[in-house]
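Letter by letter, the chains look like this.
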Amino acid sequence: MTSAMTPVFDATDPKRATIEARAVAEDVSAPVSPNQGPTDDEDIETYRSPHYDPDAIDAAYRGRWWAVLQRAIAVLWPCFMFAFAIWRDRQSNQVKRNEARRARQLRELLTQLGPAFIKVGQALSTRPDLVPPVYLEELTQLQDQLPAFPNEIAYRFIEEELGDRPENCFAELSEKPVAAASLGQVYRGKLKTGEAVAVKVQRPGLTEQITLDVYIMRGLAKWAMKNVKRLRSNLVAITDEFAARIFEEMDYSQEGHNAEQFAKLYGSMAEIYVPKIYWQYTGKRVLTMEWISGTKLTNLKEVAAQGIDATHLVNVGVQCSLRQLLEHGFFHADPHPGNLLAMPNGRLAYLDFGMMSRVKKYQRYGLIEAVVHMVNRDFARLAEDYVKLEFLTPDTNLEPISQALSGVFSNALGSSVSELNFKNITDQLSGVMYEYPFRVPAYYALIIRSLVTLEGIAINVDPEFKVLSKAYPYIAKRLLTDPAPELRASLQDLLFREGDFRWNRLENLLRNAKDSADYDLNEGIDRAAEFLLSERGEFIRQQVASRLVEAIDAAGQSAWRSLLDNWGKFLNRNPGSPASSNPGTNPSDPRETLERLQRIWQLLQETPGFDSMKLLQLAARILVRPETQQLGQQIAGELAQRAIARLIREVLVARSPQPMTDSKAAVPIAALR
């Protein structure tokens, strides 16, 4: 069994580690805000990690060129030697023979280089579509099986943070760490009140190593931006975003607040579980949380043995991630398999809330709009979305970019949404981003990392799993229920093209939305009615009125013709072509509209939560609205005009009456219309 854990690497000398640990405590002693993680734009805008200060780091290392050079050599030389070994294997056709050894060397190399590089290895460990199985097996150990540091250091940290020796704080504490990863190691313990807990203790010397690595990475980013002309993304900003999250992750008090905010926002989802934080036993370098017994989703045999559907739990994770990224904007940026556990009761437990990030409201709506425009194949609007999302500057010429996007996504969208693959989309898009003046904004780097990691887990569990196809029901639900003007406009774009209402799109939206776990049909209908009767819904009201007039008119004509045909048969007359034809009209489209309305009504009835009484109550409220009465008068007026025009036309074109020899002879049917 696996449980709540976090990252680690090789231990240093205990005495030196203690001195470094005290220095760390001094370095990060800024007070922790009680803020439990921002959710609105103002908080997200102003929130910053209390630890990361790139200017202070630059000032600290600017004169320490020898330490910087030593670290740069320590990083670059083993990387070069590893790359050379891979090249030599290829030249001598020894790739397969040496694959296991090279995979082990890569894991040991990343472990030796430290937490920033371990994070890279963790991300790769979830990508079976990118990394060979032998490498995956080794890299998976980076999630929670790294070398531990001595207990003496861990116990000292506990005493310094909690103010008492471990045996006085806990009734039990495991003799050895049960897990170790890039930033700390985890012990299983029990409180004196009986609760089973996971006690996470931070690795010594983190601040010094991470700040030095960040200094080198920022220097390389500055050099690349200055000298690589085709490079348009702000690599320094991306580095700062990544570094800020790691520094935030080193403050376990902040991680505790993140966990509570995550539980507040997403803990209400039926199949999501977030462990409890025990604040009395938590500090900057020690975190005590509820012990979670569970199994990694990628351990398929053990998950299946418990009767748990791993694919279903992956879908639960996808739905939770969508709410994180697109609803509240507070998301888990490190969802590797060690942080997502299948619990025996079938719930999905999230762990390790150190690396969290935020998406602003306009960015969340922009991402949804981009998905809508992509599915809608509106590439001109998709190019505009990239401007809103800060991938392109406002002065960029979008015409060639929209054409390039058309060429890329026409292949990716060749079949249906169910066939979309996130990796395929990003791969196709990378060429366009390189050719045109795209720049990757800093906030998007962690979104990509989160989504790519999550899709990697999904593919590992089910190679046929498509994250984007599972995401579309949520997008459909948001379009149908969210009253935000941005999404109302997107819904209108999706449903109307050149003034024509696309019923198939509405059917697809309703069909997908009903598969979303928390879709509230009554809320969707209520929101739709509210928008339809608002000033912004005037255009749609006109379109609805026009389609209803056509449908009602078609139904009336069909019923009238049927009545006349039956009357003619009753009088032993052949209805003939005049009764069955309607010159100058094409009733096929209105009839199709009626059929679509019937299918939509059937979809509504099949949707969980359908309640005809609530619909009647809503209809009663809508009918008394002035806008509804005005719409009804407009429909009645247009129907009357059509009926009068048709009667006049038919009377004028009717044949002149023939002399009747039989009093029972029928009046010409055309004249009765």
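Right, let's walk through the structure included here. Since the structure is predicted, the reported quantities are computational estimates derived from the model, not experimental observations.

1. Overview of the pairing of strand E3 (residues 184-191)
On a regular strand, each side chain points to the face opposite its neighbour's, so the side chains alternate between the two faces of the sheet.
Okay, so step 1: Counting buried residues along E3, 6 of its 8 residues qualify, which places the element largely inside the surrounding structure.
Okay, so step 2: Here strand E1 (residues 170-173) pairs with E3 via 3 bridges, running antiparallel. When the sheet's bridge partners are listed, Phe 170 is paired in E3 with Leu 191.
Okay, so step 3: Judged from the 2 bridges that link them, strand E2 (residues 179-180) and E3 form a sheet pairing that is antiparallel. If you follow Ala 180 over to E3, its bridge partner there is Gln 185.
Okay, so step 4: Connecting E2 to the next strand, E3, in antiparallel fashion are 3 residues.
Okay, so step 5: One ladder, built from 7 bridges, connects E3 with strand E4 (residues 196-202); its direction is antiparallel. The partner of Gln 185 across the bridge, within E4, is Val 201.
Okay, so step 6: A loop of 4 residues connects E3 with E4, the two strands running antiparallel in sequence, and Gly 194 in this loop sits at a positive phi of about 105°.

2. Observations concerning the sheet that holds strand E9 (residues 340-342)
Okay, so step 1: The 4 strands are arranged E5-E10-E9-E7 in an open sheet whose pairing can be described as mixed. Edge strands, defined here as strands with exactly one partner in the open sheet, are strand E5 (272-273) and strand E7 (295-296).
Okay, so step 2: Looking at chain direction, E5 and strand E10 (residues 348-350) are connected through 2 bridges and run parallel. In the sheet register, Ile 272 faces E10, and the bridge partner there is Leu 348.
Okay, so step 3: On the sheet, helix H14 (residues 310-328) packs against E5, E9 and E10 and is oriented at approximately 45° with respect to E10.

3. Points about empty space enclosed by the protein
Okay, so step 1: All chains considered together, the criterion is met by 3 cavities of 30 Å³ or more.
Okay, so step 2: The calculated volume of the second largest cavity comes to roughly 40 Å³.
Okay, so step 3: What lines the second largest cavity is simply Ala 116, Ile 210, Asp 213, Val 214, Met 217, Phe 242, Ala 243 and Ile 246.
Okay, so step 4: Those elements that place two or more of their residues in the lining of the second largest cavity are helix H10 (206-227) and helix H11 (235-249).
Okay, so step 5: The leading source of residues in the lining of the second largest cavity is H10, at 4 residues.
Okay, so step 6: Its residues assigned to classes, the lining of the second largest cavity comprises 7 nonpolar, no polar and 1 charged.

4. As for the packing of helix H15 (residues 361-375) against helix H20 (residues 467-481)
A pair of packed helices can be characterised by two numbers: the angle between their axes and the separation between those axes.
Okay, so step 1: In the contact formed by H15 and H20, the axes pass within 11 Å of each other and the chain directions differ by 110°. Considered as vectors, H15 and H20 are oriented roughly perpendicular to each other. Side by side, H15 and H20 meet where Tyr 365, Ile 368, Val 371, Val 372 and Val 375 of the first sit next to Tyr 472, Ile 475, Arg 478 and Leu 479 of the second.
Okay, so step 2: When its residues are assigned to classes, the contact of H15 with H20 shows 8 nonpolar, no polar and 1 charged.

5. As for helix H4 (residues 65-91)
Okay, so step 1: The terminal C-alpha atoms of H4, which comprises 27 residues, lie 38 Å apart, in line with the 39 Å expected from a rise of 1.5 Å per residue.
Okay, so step 2: Buried within H4 are the following residues: Val 68, Arg 71, Ala 72, Val 75, Pro 78, Phe 82, Ala 85 and Asp 89.

6. As for the packing of aromatic side chains
Okay, so step 1: This model, assessed by the stated rule, comprises 14 aromatic pairs.
Okay, so step 2: For the ring pair Tyr 61 and Tyr 215, a centre distance of 5.7 Å and an interplane angle of 35° mean the geometry is tilted. Linking Tyr 61 in helix H3 (residues 54-61) with Tyr 215 in helix H10, this pair joins segments that are 154 residues apart in sequence. Of the two residues examined, Tyr 61 and Tyr 215, each falls in the buried class.
Okay, so step 3: Taken together, the ring pairs in this structure connect Trp 77, Phe 80, Phe 84 and Trp 87 into an aromatic cluster.
Okay, so step 4: The ring of Tyr 252 has Lys 200 lying over it, and the distance from NZ or CZ to the ring centre is 5.0 Å.
Okay, so step 5: In this structure, Arg 285 is placed above the aromatic ring of Phe 157, and the distance from its NZ or CZ to the ring centre is 4.5 Å.

7. Things to note about the packing of H3 against H10
Okay, so step 1: With their axes 10 Å apart at the nearest point, H3 and H10 run at an angle of 95° to one another. In terms of orientation, H3 lies roughly perpendicular with respect to H10. In contact with Pro 54, Ile 57, Asp 58 and Tyr 61 of H3, H10 contributes Glu 208, Thr 211, Leu 212, Tyr 215, Arg 218 and Lys 222.
Okay, so step 2: Looking at the contact of H3 with H10 residue by residue, the classes come out as 5 nonpolar, 1 polar and 4 charged.

8. Describing the environment of Leu 173
Okay, so step 1: Structurally, Leu 173 is set in strand E1.
Okay, so step 2: What makes Leu 173 partly exposed here is its relative accessible area of 22%.
Okay, so step 3: Discounting chain neighbours no more than four positions away, the residues touching Leu 173 are Tyr 155, Ile 158, Pro 166, Tyr 187, Arg 188, Gly 189 and Val 199.

Reading the values: the criteria
- Residues numbered from 1 in each chain as written.
- Predicted model: local features only at pLDDT ≥ 70, side-chain atom pairs only at ≥ 80, totals over all residues.
- Heavy atoms only, no water.
- Buried < 20%, exposed > 50% of the residue type's maximum accessible area, 1.4 Å probe, protein only.
- Helix = DSSP H or I, 4+ residues; strand = E, 2+ residues; numbered from the N terminus.
- Pairing = 2+ DSSP bridges.
- Contact = heavy atoms within 4.5 Å.
- Axes fitted to C-alpha atoms, helices over the stretch in contact; angles between N-to-C directions.
- 1 Å grid on protein atoms, 1.4 Å probe; cavity = no way out; pocket = protein on both sides within 12 Å on 5 of 7 lines; lining within 4 Å.
- Points joined across faces, edges and corners; volume = space filled by probe spheres on them.
- Nonpolar A, V, L, I, M, F, W, Y, C, P; charged D, E, K, R; others polar.
- Parallel < 35°, antiparallel > 145°, perpendicular 65-115°, else oblique.
- Expected span 1.5 Å × (residues − 1).
- Phe/Tyr/Trp six-rings, centres within 6.5 Å; stacked < 30°, edge-to-face > 60°.
- Lys NZ or Arg CZ within 6 Å of the ring centre and 35° of its normal.

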